[in-house]
Amino acid sequence: MAIGWNLSRVVCGPAEVFADGVPVGRTEGPVRAKFSPVLREDTRACAGASPVDYVVVGVRAEIAVPLAEYVLENVLLAAPHAAYGGYYAAVGALPGMRLSEGAVELRVHPLSREEADASEDVTLHRAVCVGAPELEYSREADRLVEARFVGLVDFGRTDGDFIARIAAPRRA
Amino acid sequence: MNAVVTLSKGGSSVSLPAPARIAGAAASAGQAMGRTAGGEVYAYDLGTPRREAELEFRSLTSAEKEALAGFFEDDASGMQETWTYTHADGTVYTARFVQDSLTFVQFAHNVWDVTVRLELSALID
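Residues numbered from 1 in each chain as written. Chains lettered and ligands numbered in written order. Predicted model: local features only at pLDDT ≥ 70, side-chain atom pairs only at ≥ 80, totals over all residues.

A. Summary view of the overall build of chain A. Scanning chain A from N- to C-terminus turns up one helix and 10 strands. Across the 172 residues in chain A, those meeting the buried criterion constitute 23%. Contacts in chain A between residues far apart in sequence, at least 24 positions, make up 55% of those at least 6 positions apart. (Helix = DSSP H or I, 4+ residues; strand = E, 2+ residues; numbered from the N terminus. Buried ≥ 20, exposed ≤ 12 C-beta atoms within 10 Å, placed from the backbone. Contact = placed C-beta atoms within 7 Å.)

Given below as structure tokens:
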């Protein structure tokens, strides 16, 4: 039996982004979320190098968001190693900072959904920005703050829900 | 071919995933060798030839780790007792641990590696 393709189930296009519940603006273009299991290949001498199983030993959850609002708050969000300097982000601190100290709950809400409708939201419980923010100055009207977040383990949560939640509608 | 191996003694038995690697299968003549002051080599037979194997078990669960540790301590009494080892190919060996401790290395939560050294009744295949 063929299953019909319903485009409304596909999360794409711009979204609104929240950091610790505070809106930090919309995105320009698609948001890319990736949840990669970290696998350990299991082999047995009696079967040679052929895999007999894969053991999940971790998860790397990443969300790349092109923030459309070029404001200092978003620059600091994308560059957590920088410090607030009043009207600028000061870059160049001594080493040793732990990004986890500035972790935020990152929630991506597709604009195709009503504000109160969280049925397609993606949430990283403790997100830190690890990507180098790229600020393009070639087009004044289209300056983005590209931020790539990785979800850290939140030990305050229960087994199975340590890193992220991916909401998606059920098939009718 | 089986994907598991079994360690058993009396009414106790432990099944583990087959070793990921046989790190060594040794055939020992069971001899000691030395040299005289004049440089002449001498060798003595100390007993029957020995067959040993070094088995690397990978990605054991915590329950499998506990079961193996319990078998080592309680059923085999470390190196004291012999017991029955059934290999992945179904071959049955009389076995003895030739180490006084098992060192489990944690790769991740619920994922453990251990290397076991055994004296066996025949060369392992």
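There's plenty left to go through after this.
B. Highlighting the nonpolar core. Of all hydrophobic cores here, the largest spans 27 residues; its most connected members are A:Ile63, A:Leu106, A:Val108, A:Leu124, A:Ala147 and A:Phe149. Sequence-distant contacts of A:Phe149, that is, excluding residues within four places in its chain, are made with A:Glu62, A:Ile63, A:Leu106, A:Leu124, A:Ala127, A:Val128 and A:Cys129. Among the nonpolar cores identified, the runner-up in size contains 24 residues, and B:Ala20, B:Phe57, B:Trp83 and B:Leu118 belong to it. (Core = buried A, V, L, I, M, F, W, Y, C linked by C-beta atoms within 7 Å.)

C. Region of the structure containing the confidence of the model for chain B. Mean pLDDT over chain B works out to 94, with 99% of the residues at or above the 70 mark. If you check the scores for this complex, the pTM reads 0.79 and the ipTM reads 0.80. (pLDDT = per-residue confidence, 0-100.)

D. Broad picture of the interface of chain A and chain B. On the chain B side, the residues contacting the 10 residues of chain A number 15 residues. Elements supplying a minimum of two residues to the side of chain A that touches chain B: strand S3 (32–42) and strand S4 (53–67) of chain A. Considering each element in turn, the side of chain A that touches chain B owes the most residues, three residues, to S4(A).

E. Molecular detail of the environment of A:Tyr54. Considering the arrangement of structural elements, one finds A:Tyr54 in strand S4. Not counting the four nearest positions on each side in its chain, A:Tyr54 is found in contact with A:Leu39, A:Arg40, A:Glu41 and A:Asp42.

F. Representation of the pairing of strand S8 (residues 122–129) of chain A. Residues and elements named next belong to chain A. A large share of S8 lies buried, amounting to seven of its eight residues. Where strand S7 (residues 104–110) lies against S8, four bridges are found, and the strand directions are antiparallel. Residue pairing for S8: Val104 is matched across the bridge by Ala127. Where S8 and strand S10 (residues 164–166) come together, three bridges link them in antiparallel fashion. Considered in S10, the bridge of Val122 is made with Ile166. Judged from the three bridges that link them, S8 and strand S9 (residues 145–151) form a sheet pairing that is antiparallel. Counterpart to Cys129 in the pairing with S9 is Phe149. (Pairing = 2+ DSSP bridges.)

G. The arrangement of the environment of A:Arg60 in detail. All names here are of chain A. Tracing the backbone shows Arg60 in strand S4. Sequence separation between Arg60 and Val38 is 22 residues; the distance between their C-alpha atoms is 6.9 Å. Once residues within four sequence positions are removed from consideration, Arg60 is found in contact with Ser36, Val38 and Val150.

H. Structural detail: the environment of A:Val153. Residues and elements named next belong to chain A. Residue position: Val153 is located in the loop between S9 and S10. Residues Val153 and Ala164 lie 11 residues apart in sequence; the distance between their C-alpha atoms is 8.8 Å. Other than its neighbours up to four places away in sequence, Val153 contacts Phe162 and Ile163.

I. Representation of unusual backbone geometry. Even without glycine at this site, A:Asp20 takes up a positive phi of about 50 degrees. Here A:Asp20 shows up in the loop between strand S1 (15–19) and strand S2 (22–26). A positive phi angle, near 60 degrees, is found at B:Ser59, a position not held by glycine.

J. Region of interest: helix H1 (residues 62–75) of chain B. Residue and element names in this part refer to chain B. Between its first and last C-alpha, H1 extends 19 Å over 14 residues, near the 20 Å set by a 1.5 Å rise per residue. At its buried positions, H1 is contacted by strand S1 (4–9), strand S2 (12–17), strand S6 (50–60), strand S8 (92–97), strand S9 (104–108) and strand S10 (111–120). After H1 finishes, the residue Ser77 shows a positive phi value of roughly 50 degrees. (Expected span 1.5 Å × (residues − 1).)

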